[in-house]
Amino acid sequence: MSTQRPSHVTVLGEQYPTDHMTNISPTIVSKLPLKLHTQPSHPLSTLRALIESHFPTYAHLSTLSPLVTPYQNFDLLSFPADHPGRSVTDSYYINKDLMLRTHTSAHEVDVFGRGETKWLLSADVYRRDEIDGSHYPVFHQTEGARIVSANATGMKELEEDSERLIAHLERSNIEIEDVPHLSPTNPCQPAHDPKHTELIAKNLKLSLNSLMLHLFGGRVGATAGNPLKVRWIEATFPWTTPSFEVEVFFRGKWLEILGCGVVRQATLDNANVPDKLGWAFGLGLERIAMILYSIPDIRLFWSRDPRFLSQFKEGEITTFKPYSKYPACFKDVSFWLPQGETLHENDFCDLVRDVAGDVVEDVKLIDNFVHPKTNRTSLCYRVNYRSMDRSLSNDEANSLNTQVVSCLQDRFGVEIR
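If you're wondering where the values come from, they're calculated on a predicted model, not measured in any experiment. (Residues numbered from 1 in each chain as written. Predicted model: local features only at pLDDT ≥ 70, side-chain atom pairs only at ≥ 80, totals over all residues. Heavy atoms only, no water.)

K.L.:
Help me understand the overall build of the protein chain in this model?
P.N.:
Along the backbone of the protein chain there are eleven helices and 17 strands. Compactness check: the protein chain gives a C-alpha radius of gyration of 23 Å against a globular reference of 22 Å for 417 residues, within 12% of the reference. In the protein chain, which comprises 417 residues, the share counted as buried stands at 54%. Of all intrachain contacts in the protein chain linking residues separated by at least 6 positions in sequence, the fraction that spans at least 24 positions is 68%. When the 42 basic and 52 acidic side-chain charges of the protein chain are each reduced to a single mean position, those positions are 4 Å apart. (Helix = DSSP H or I, 4+ residues; strand = E, 2+ residues; numbered from the N terminus. Rg over C-alpha atoms; globule rule 2.2 N^0.38 Å. Buried < 20%, exposed > 50% of the residue type's maximum accessible area, 1.4 Å probe, protein only. Contact = heavy atoms within 4.5 Å. Lys, Arg positive; Asp, Glu negative; His and termini not counted. Charge placed at Lys NZ, Arg CZ, Asp CG, Glu CD.)

This is the structure we're talking about:
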């Protein structure tokens, strides 16, 4: 890089020293105070409240700081040392000792450790990502967890709750396509009694089947002849085993809704509750809100346009009515990289966001060429400019693109073609 890194960065009003890991961008810093999931009437806030209403006896947490250590975000949850999520190309770092959480699970050990046994945690999370209509570097998750004592009393508590849930689901219009609670490809943890794991997985599935009915049943008009369809799929996650994904059949296709599983014993040991067992799930609020509200572009959640915000009322899920479709204006940016250098696509996307913000609808790599004689690499990105709120003139798009080119030269020392 050709620009010098500042010695400190200000995040949420505090100054932090920078180092070789620092990659948090001004655009991301500007998003940190907003917390869309707590803004009254916002679709993400209404969805959070709807989920919380389904778990009234659980603690509801939604104000934890997004700043965590890599140890909290990865190591306490048994992430492998070489997991790609640790990379500076995937996650935002203030410095080597502090980062923005990439998932709500970063708080799991702390929440278990302070004595919470049934809880929901909703928060903004941050991951470096491409630019398109369904990806954004800030999004929101709700995580839920329940732990019980690893003895006969705890198992009885689960069995009684499962009986209640079975009775509820049998009276409801829901069709469930299940997989075994345990299998050779989705095994019990060595430290766990398989009978206990079966009971935990059963309670997890029943709890989430009930949640799916709560979220989607009324929206699909589920009837005895046309029930809500839910299916379970084996999965693999670093922080649970056995693990599962849940899909719902909605408007003619299967949609992935959440991931879940039996909490790893190492996580509970790290939380100083080694005598507990339990389950956890995590879901993306934007993914579900886009489905329920028919919101076509993830950028819209950040809009301050009254034509967007005025459509929503607290506690109500309504169908979004598009108020405009402004024309797109694409510009190509073609350049040679310095000899021997590489440029990750997420670095280019962060630069574009810093310059043009949410005026950019998507970014696509359309050419990647290595010169046979010089061995230099040429890249060409197509940047699609389209405002959600107004028509964007060609002159405005040209001006933004000129700034992108200038920043690209300054930051990465490229040669524009």
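From this point on, the discussion continues.
K.L.:
Got a minute to help me understand the pattern of salt bridges in this structure?
P.N.:
Two side chains with opposite charge may pair up if their charged atoms get near one another. Under the defined criterion, the tally for this structure stands at 21 salt bridges. With a shortest N-O distance of 2.6 Å, Glu 247 and Arg 231 are connected by a salt bridge. With a gap of 16 residues between them, Glu 247 in strand 11 (residues 240-250) and Arg 231 in strand 10 (residues 228-237) connect regions that are remote in the sequence. Under the relative-accessibility criterion, Arg 231 is labelled partly exposed at 23%. Notably, a salt bridge pairs Asp 305 with Arg 307, separated by 2.8 Å at the nearest N-O pair. Judged by relative accessible area, which is 33%, Arg 307 ranks as partly exposed. Several salt bridges converge on common partners, so that one network encompasses Arg 128, Asp 347, Asp 350 and Arg 353. (Salt bridge = Lys/Arg side-chain N within 4 Å of Asp/Glu carboxyl O.)

K.L.:
Any chance you could explain helix 2 (residues 43-54) here in plain terms?
P.N.:
Working note: α-helix, 3.6 residues per turn, so residues spaced by three or four point in the same direction. Helix length check: helix 2, at twelve residues, gives a terminal C-alpha distance of 17 Å against a target of 16 Å (1.5 Å per residue), a fit within 8%. Among the twelve residues in helix 2, nine count as buried, and that is most of the element. Regarding helix 2, the residues found buried are Pro 43, Leu 44, Ser 45, Thr 46, Leu 47, Arg 48, Leu 50, Ile 51 and Glu 52. (Expected span 1.5 Å × (residues − 1).)

K.L.:
Help me understand the sheet that holds strand 4 (residues 67-68), please; the structure alone is not making it clear to me.
P.N.:
Through backbone hydrogen bonds, the strands of a sheet pair up, either in parallel or in antiparallel fashion. A sheet is described by the order of its strands in space; here three strands give the open sequence 4-6-5, paired in antiparallel fashion. At either end of the open sheet lies a strand with only one pairing partner, and these are strand 4 and strand 5 (93-95). Pairing between strand 4 and strand 6 (residues 98-100): two bridges, direction antiparallel. Opposite Leu 67, over in strand 6, you have Leu 100 as the bridge partner. (Pairing = 2+ DSSP bridges.)

K.L.:
Sorry if this is basic, but what is going on with the pairing of strand 9 (residues 174-177) here?
P.N.:
In the case of a regular strand, side chains alternate between the two sheet surfaces. Relative to strand 10, strand 9 runs parallel, the two being bridged by four bridges. By the bridge assignment, Ile 174 is partnered in strand 10 with Leu 228.

K.L.:
Mind showing me how you'd approach the environment of Ser 65 here?
P.N.:
With respect to the element layout, Ser 65 can be found in the loop between strand 3 (59-61) and strand 4. Its relative accessible area of 40% is what places Ser 65 among the partly exposed residues. Note: C-alpha distance between Ser 65 and Leu 100 (35 residues apart in sequence) is 9.0 Å. Here the side chain of Ser 65 touches Leu 67 through a polar contact of 3.2 Å, landing on its backbone nitrogen. (Polar contact = N/O pair within 3.5 Å; in protein donor to acceptor, adjacent residues only side chain to side chain.)

K.L.:
What exactly am I supposed to notice about helix 11 (residues 394-412) here?
P.N.:
With 19 residues, helix 11 ought to run about 27 Å at 1.5 Å a step, and its terminal C-alpha atoms sit 26 Å apart, in line with that. Residues of helix 11 that are buried include every one of Ala 397, Leu 400, Asn 401, Val 404, Val 405, Leu 408 and Phe 412, and no others. Buried residues of helix 11, seen end-on, are gathered within an arc of 145 degrees and therefore sit on one face of the element. Facing away from the buried side of helix 11 by over 90 degrees, the exposed positions are Asp 395 and Thr 402. Tucked into the core, helix 11 has its buried residues touching strand 14 (329-336), helix 10 (345-356), strand 16 (377-385) and strand 17 (415-416). Where helix 11 ends, the next residue or the one after it, Gly 413, has phi of about 65 degrees, a positive value. (Arc of directions from axis to C-beta.)

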